[in-house]
Amino acid sequence: MKSYHSLIDGQEYVSPAQEFFPDFNPRLAEQTHLIAQSTTEDVNVAVAAAARASIEWGKLRPLLRGRALHKISQLIMDHKENLARMESINTGKPPATAIREIAIAAEYFEFFGNLTSQSAGDLIDIGEGSHCFNRREPYGVVGVITPWNLPLNQLARSVAAALAAGNTVVVKPSEHTSASTLELVKLIFEANILPSGVLNVITGAGATGSALASHKDIAKVSFTGSVATGKKVGAICAEAVKPVTLELGGKSPNIVLADVDLEQAVAGCVKGFTSNAGQVCIAGTRIYVHASIYEQFKELLVKQLKTLDQSADNWAPIITGQQYQKVLDFISEGEKEGLNVLYKSDNADVPQKGWYVPRVVFEVANERNCISANEIFGHVAALTPYEDIEDCLELANDTEFGLAAGIWGNNLNQIYHLVANLDAGQIFVNGYFAGGVENPLGGFKESGLGKEKGIEAYMNYQRSKNVVISLAL
Ligand code: NAD
């Protein structure tokens, strides 16, 4: 069985501790690789390499940094089939889905590569006799901690932005999906695109992530993962007064107005909670439908879910045995709470091998139940009718999360009212998951702090220094 090690300073790094943990293919529920468990000393080695490299990389002409990022983008596209195969083994997701995610990973490097030569600061007019400006500078070494649901995609969105902004990076991938990250970074090393130490990968689980976030030479942290872990990482950074971007969980509402194109809305709501088996932070797992079209909506929803279930290509497994059990437990709890099960995939349709769970839709009256209140991270949705838009808004905002929201309909007044009053960092109107690498993402409330993606993210990876030069005129 293949063993994977960290990648530091342009080469494979074998931890003296020689400890490993297993990695699984969730499609088969079988062990595939061994991944090295890094110690705090290993983290120190990775951060030291990144700190050495940051002196040159941060001062390099930005245009040249951009050029390097474009080469990485091209490298990803040149190897997209292989990387997608690896990602598919890592996560169990169908290869076609993995290919799409890999192409987006390449786009992140292209997009952030394009930004490097943009404005590096602003001139501020404070009157004759002074020259005043803001200089934008990289932080130094950024620690990036990623989750498992879209491994290379999430890696690219933070790493490309951090590198473009002139930082060097130590990334700790999820312990469940480290292999594809290591394969990609190995390709980058082999192609000699970046100077040694500019990009490093340290493998390991929570303790390794914690050692990385708290390292004194990590100047900024980018964390993507659950709210519970995000709070721990946030506390580490608060203690050291260290900037941190937290991209955390969600429980996003998808609101269907009375004057909607019903077929389109049902298809969008289905996609919103079933993509990647519901293992998407912005999944639309709370669906609110106007009472006047509720019965028709239900009928179409069941029909579309039945069709979806019958194709093997539409099934993705849950990432780990533990997470699989957690999703099944939520389904049982919902049933025990007496919630009406509108839809549950037929046993015959759910793949029997691997960590697959049925798709389930519960009908609920409000948010006070285990299905509406928790981020389940499986394709389980809560469906609720509403009469009045204000009641719907109140229900939609009645959660500690605030990551994303969807709206379906044509009534501009109602749409604008919802857009202005929903507590969500990203809103999709008539097209769930619309947009690309250009639009910023970042949650409100417990869903996070700061933004990833877009120009806003690039700015977040730099600090601003104000300079006033007094002139003797
Ligand atoms: P997780 O919080 O369990 O783990 C995320 C990462 O943190 C992993 O690399 C893990 O090893 C590391 N980690 C664990 N304990 C740590 C600690 N004490 N200190 C530092 N690092 C630690 O999350 P997960 O299960 O991998 O991912 C699923 C979660 O991520 C969901 O809640 C999902 O909504 C969220 N997510 C959010 C976004 C977003 O953009 N907002 C995107 C993808 C996933």
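Above: the structure in question.
Residues numbered from 1 in each chain as written. Predicted model: local features only at pLDDT ≥ 70, side-chain atom pairs only at ≥ 80, totals over all residues. Heavy atoms only, no water.

K.L.:
Requested: an account of the nonpolar core, with residues and values cited.
P.N.:
Residues Phe 109, Phe 112, Val 159, Leu 163 and Leu 194 are the most contacted members of the largest nonpolar core, which totals 53 residues. Leaving out residues up to four positions away in the same chain, Phe 112 has contacts with Leu 69, Arg 157, Ala 160, Ala 161, Ala 164, Lys 453, Gly 454, Ala 457 and Tyr 458. If you look at the next biggest cluster of nonpolar residues, it comprises 32 residues, including Ile 282, Ile 287, Leu 403 and Phe 428. (Core = buried A, V, L, I, M, F, W, Y, C linked by side-chain atoms within 4.5 Å. Buried < 20%, exposed > 50% of the residue type's maximum accessible area, 1.4 Å probe, protein only. Contact = heavy atoms within 4.5 Å.)

K.L.:
Go over the sheet that holds strand 16 (residues 360-363) with me, naming the residues and quoting the values.
P.N.:
The mixed open sheet is built from seven strands, whose spatial order is 15-16-17-14-13-18-19. The two strands at the open ends of the sheet, each matched to only one other strand, are strand 15 (340-344) and strand 19 (426-429). Strand-to-strand twist across the sheet, computed as the mean angle between neighbouring axes with direction ignored, equals 20 degrees. By the bridge criterion, five bridges tie strand 14 (residues 284-290) to strand 17 (residues 380-386) in an arrangement that is parallel. Residue pairing in the sheet places Tyr 288 in a bridge with Thr 384 of strand 17. On the sheet, helix 9 (residues 262-274) packs against strand 13 (252-256), strand 14, strand 16, strand 17 and strand 18 (404-408) and is oriented at approximately 155 degrees with respect to strand 14. Where helix 13 (residues 389-397) meets the sheet, its contacts fall on strand 13, strand 14 and strand 17, and the angle it forms with strand 14 comes to roughly 170 degrees. (Pairing = 2+ DSSP bridges. Helix = DSSP H or I, 4+ residues; strand = E, 2+ residues; numbered from the N terminus. Axes fitted to C-alpha atoms, helices over the stretch in contact; angles between N-to-C directions.)

K.L.:
Which residues make up the site of the ligand, and what values go with them?
P.N.:
If you check the shell around the ligand, you find 30 residues, and the closest are Arg 157, Glu 175, Ser 226, Leu 248 and Glu 375. Here Lys 172 contributes a side-chain N or O atom positioned 2.9 Å from an oxygen atom of the ligand. In the complex, 89% of the free accessible area of the ligand, which totals 850 Å², lies under the protein chains. Residue assignment for the shell around the ligand shows that the elements contributing at least two residues are helix 5 (151-164), helix 7 (206-214), strand 11 (220-224) and helix 8 (227-239). (Near = heavy atom within 4 Å. Polar contact = N/O pair within 3.5 Å; in protein donor to acceptor, adjacent residues only side chain to side chain. Areas by Shrake-Rupley, 256 points an atom, 1.4 Å probe, with all protein chains shown as cover.)

K.L.:
How would you summarise a nonpolar patch on the surface if you had to cite specific residues and measurements?
P.N.:
Taken together, the side chains of Ile 124, Ile 126 and Val 468 present a nonpolar region at the surface, about 230 Å² in accessible area. Note on placement: Val 468 falls in strand 21 (residues 462-470). The exposure class of Val 468 is partly exposed, given its relative accessible area of 45%. (Patch = residues over 30% accessible without salt bridge, like charges linked within 9 Å, V, L, I, M, F, W, Y side chains within 5 Å. Salt bridge = Lys/Arg side-chain N within 4 Å of Asp/Glu carboxyl O.)

K.L.:
How would you explain the environment of Ser 3 if you had to name every residue and give the values?
P.N.:
With respect to the helices, strands and loops of the structure, Ser 3 is situated in strand 1 (residues 3-4). The exposure class of Ser 3 is partly exposed, given its relative accessible area of 30%. Measuring from C-alpha to C-alpha, the distance between Ser 3 and Ile 35 comes to 5.7 Å, with 32 residues separating the pair along the chain. Residue contacts for Ser 3: discarding those within four places in its chain leaves Phe 20 and Leu 34.

K.L.:
Break down the sheet that holds strand 7 (residues 130-138) for me, with residues and values.
P.N.:
The strand order across the open sheet formed by three strands is 6-7-21, and the pairing between neighbours is antiparallel. Every interior strand has two partners, whereas the edge strands, strand 6 (121-124) and strand 21, have only one. Taking each pair of neighbouring strands and ignoring which way they run, the sheet shows an average axis angle of 15 degrees. Bridging between strand 7 and strand 21 involves nine bridges; their strand directions are antiparallel.

K.L.:
Please give an account of unusual backbone geometry that cites residues and values.
P.N.:
Within the chain, Asn 276 stands out as a residue other than glycine whose phi angle is a positive 50 degrees. Note that Asn 276 resides in the loop between helix 9 and strand 14. With a relative accessible area of 15%, Asn 276 lands in the buried category. Despite not being glycine, Lys 453 shows a phi value in the positive range, around 75 degrees. Note on Lys 453: relative accessible area 11%, which makes it buried.

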